[in-house]
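Residue-level structure breakdown
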Amino acid sequence: MLVRILGSSAGGGFPQWNCGCPNCTAAKAGKLGFTPRTQSSLAVSRTGKEWVLLNASPDLRQQIAAVPALRTTPDGRLRGSPIKSVIVTNGDVDHIAGLIDLREAEPLVVYATDRVQSVIRSNSIFNILAPSLVRREIMPLEQEIAISGPEGELGLKVEAFAVPGKIALYLEDCAAGPEFGTETGDTVGLKIRDPESGASFFYIPGCSHLDAPLRERLENAALVFFDGTLYRDTEMIDAGLLDKTGKRMGHISISGPEGSIAAFEDMNVARKIYVHINNSNPVLNERSPERAATEAAGWEIGYDGMEVEMNEFVRKFEITDAPWSQEEFEAQIRAVGPARYHDLHPFHKALHGGKMSKAQVAAWALNRYCYQEAIPRKDAAFMSRVHDRDLRREWIHRIHDHDGLPPEELGGIERWLKLTDCLGLDREYVMSMQGALPATRFAVEAYVRFVVEQPLVVAAASSLTELFAPSIHRERIAGMLANYTFVNDEVMAYFKRRLSQAPRDATFALQFVKENARTRELQQGCVDAVKFKCDVLWAQLDALQLAYVDGLIPPGAYRPEGM
Ligand SMILES: O=C(O)c1cc(C(=O)O)c2c(n1)C(=O)C(=O)c1cc(C(=O)O)[nH]c1-2
């Protein structure tokens, strides 16, 4: 399926014939960076031979003339057109006036909602499209139908759906209240789908705000052409052009807290292109800060002649970018544990199985202290990036769990030092971390840095190895109590406490990650973060194995007597 923007500007075009605003003046003077644009219309084709117009603008004659695929008479016939049908999204002059350019006894099908068909019907000038040749089809709402030309189906489907908007300007009824007589179906958006490839896109040239049903509909879309009429709600008033806000005209603005950039920010839409751009919009100045900000927010500014080959694009999108369902995402995270968690490491198997000397257990506890010491720093680093008070309030208890909150809570670090005490290690020496293996220190600092540098949700995901921790803690408590005379209940207090803390933390983090990793890229980043974290844990055990089982103790590291 091929989509082409015929006209990317709003009513009036760019430059507008009677406008002397800085944008129009620059465009009229042919200044670089102010590309002229015709009025709002798209063309779609599955084959490249037969075309469907989405809206028929007053510039249609010029738009057809500019595109060989639209202006060529098929099969060398004397009369005929590749344009087989037209779908209109509302009764605006800039969307229906061009129907008149399609006269000259050419068969055609015109699709519009009941409301818009009645507008066309009541304007007798459109009868120039002879009813015997030009079929007018009522387009239902919320129901996908096949798009046909005069000779049959064109291989594409359309679903029209009402969007928040306003009745056409020339039909406004000032006596009819604040909505000027607007009814459902006065403005619609379109979803066009190619059933053969499965590719689809949305076309919404007019929309006053993104309500919940519309958000839901657009979530995970491959491509959305969207209302880019104004940059600021008051921009026409500010420029002295017209005494109306964007809202009053039925158009959402690009910028601002209620604007479309903000509304789409947390949505998964692969490609977002503004169309229906008014001449007052500063994004039409290609060197403006507003243009740069819009592009930096991931939006493209549509232009006349812009083409998207949907099938190629969608195939790529589907392979790499379609997000997993929450269940699949969770399953991907959980699958990391059985493959890579450090309960599989031979050092742990020996430690829990009673195969280690007291000196080897001491070496493990001394090194593992570095991990304990880094965890609250890691959580503080995470919190420094969180703007949400509720999230900080939840996360801070992780720091309290480790650092303690005297007098009630001793803290995990203190409990860990009880273990190193009992193993005969000097507290000062343990806490100095002077005797720790270099690889231990590198690994734990890599974890802290990871949390500083990665996207916030990916940083949170790195703690999810804790999903796998309770079983290793249980195995450790039972194994060490059974196998080592120098270990008792008090010394195992750290792990006993983690049995309740870890599931609470992991459950919260998993929910947070599932809700906030909304693109496939972020989801993959989260799964990779859990793998990275397994590597952090595994590397520490490799280093212990090499030093204290194989006997290759690095210079400066803790060296028990007799080793
Ligand atoms: O003994 C273990 O096997 C183990 C593993 C992990 C882990 O999976 O990261 C943690 C802990 N213990 C632990 O006690 C702990 O407090 C902890 C915090 C975190 C974290 O990433 O925020 N992991 C772990």
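Residues numbered from 1 in each chain as written. Predicted model: local features only at pLDDT ≥ 70, side-chain atom pairs only at ≥ 80, totals over all residues. Heavy atoms only, no water.

In the nomenclature of an unreviewed UniProt entry, the protein corresponds to Multifunctional fusion protein from the organism Hyphomicrobium denitrificans 1NES1. Turning to the protein, the UniProt annotation filed under Catalytic activity (unreviewed entry) states: "6-(2-amino-2-carboxyethyl)-7,8-dioxo-1,2,3,4,7,8-hexahydroquinoline-2,4-dicarboxylate + 3 O2 = pyrroloquinoline quinone + 2 H2O2 + 2 H2O + H(+)". Regarding the protein, the UniProt comment filed under Pathway (unreviewed entry) reads as follows: "Cofactor biosynthesis; pyrroloquinoline quinone biosynthesis." (UniProt positions renumbered as here; feature names shortened; annotations may be inferred.)

Time to look at the UniProt feature "domain: Thiaminase-2/PQQC" (unreviewed entry) in the protein. Sequence positions flagged by UniProt for "domain: Thiaminase-2/PQQC" (unreviewed entry) are, in local numbering, residues 331–542. In residues 331–542, helix accounts for 75% and strand for 0%; the two terminal C-alpha atoms are 28 Å from one another. (Helix = DSSP H or I, 4+ residues; strand = E, 2+ residues; numbered from the N terminus.)

As a matter of local geometry, the ligand sits amid 20 residues, with Arg-368, Lys-378, Tyr-447, Tyr-494 and Lys-533 nearest to it. Contacts to the ligand include Arg-368, whose side-chain N or O atom sits 2.6 Å from an oxygen atom. Interatomic distance of 3.0 Å between a side-chain N/O atom of His-402 and an oxygen atom of the ligand. Relative to its free-state accessible area of 460 Å², the ligand is covered by the protein chains to the extent of 99%. Where the shell around the ligand is concerned, the elements lending two or more residues are helix H14 (358–383), helix H15 (389–403), helix H20 (469–483), helix H21 (493–516) and helix H22 (520–549). (Near = heavy atom within 4 Å. Polar contact = N/O pair within 3.5 Å; in protein donor to acceptor, adjacent residues only side chain to side chain. Areas by Shrake-Rupley, 256 points an atom, 1.4 Å probe, with all protein chains shown as cover.)

Attention now moves to the nonpolar core. Ranked by internal contacts, the top residues of the largest apolar core, which has 46 residues, are Phe-329, Ile-333, Phe-382, Leu-464, Val-513 and Cys-526. Ala-365, Tyr-369, Leu-541 and Ala-547 belong to the second-largest nonpolar core, a separate cluster that totals 36 residues. (Core = buried A, V, L, I, M, F, W, Y, C linked by side-chain atoms within 4.5 Å. Buried < 20%, exposed > 50% of the residue type's maximum accessible area, 1.4 Å probe, protein only.)

Time to look at the pairing of strand E10 (residues 200–204). Within E10, 5 of the 5 residues are buried, leaving the element largely enclosed by the surrounding structure. Pairing analysis gives 4 bridges linking strand E9 (residues 188–193) to E10, with the strands arranged antiparallel. Residue Lys-191 lies in a different strand from E10, and its bridge partner there is Phe-202. If you look at the hairpin formed by E9 and E10, you'll find 6 residues sitting between the two strands, and Gly-198 has a positive phi there, around 85 degrees. Judged from the 3 bridges that link them, E10 and strand E11 (residues 223–227) form a sheet pairing that is parallel. Paired with Ile-204 across the bridge in E11 is Phe-226. (Pairing = 2+ DSSP bridges.)

Turning our eyes to something else, we now look at the domain arrangement of the protein. Partitioning the protein into structural domains gives domain 1 (2–320) and domain 2 (326–549). Centre-to-centre separation of domain 1 and domain 2, based on C-alpha positions: 54 Å. (Domains from an automatic or database assignment.)

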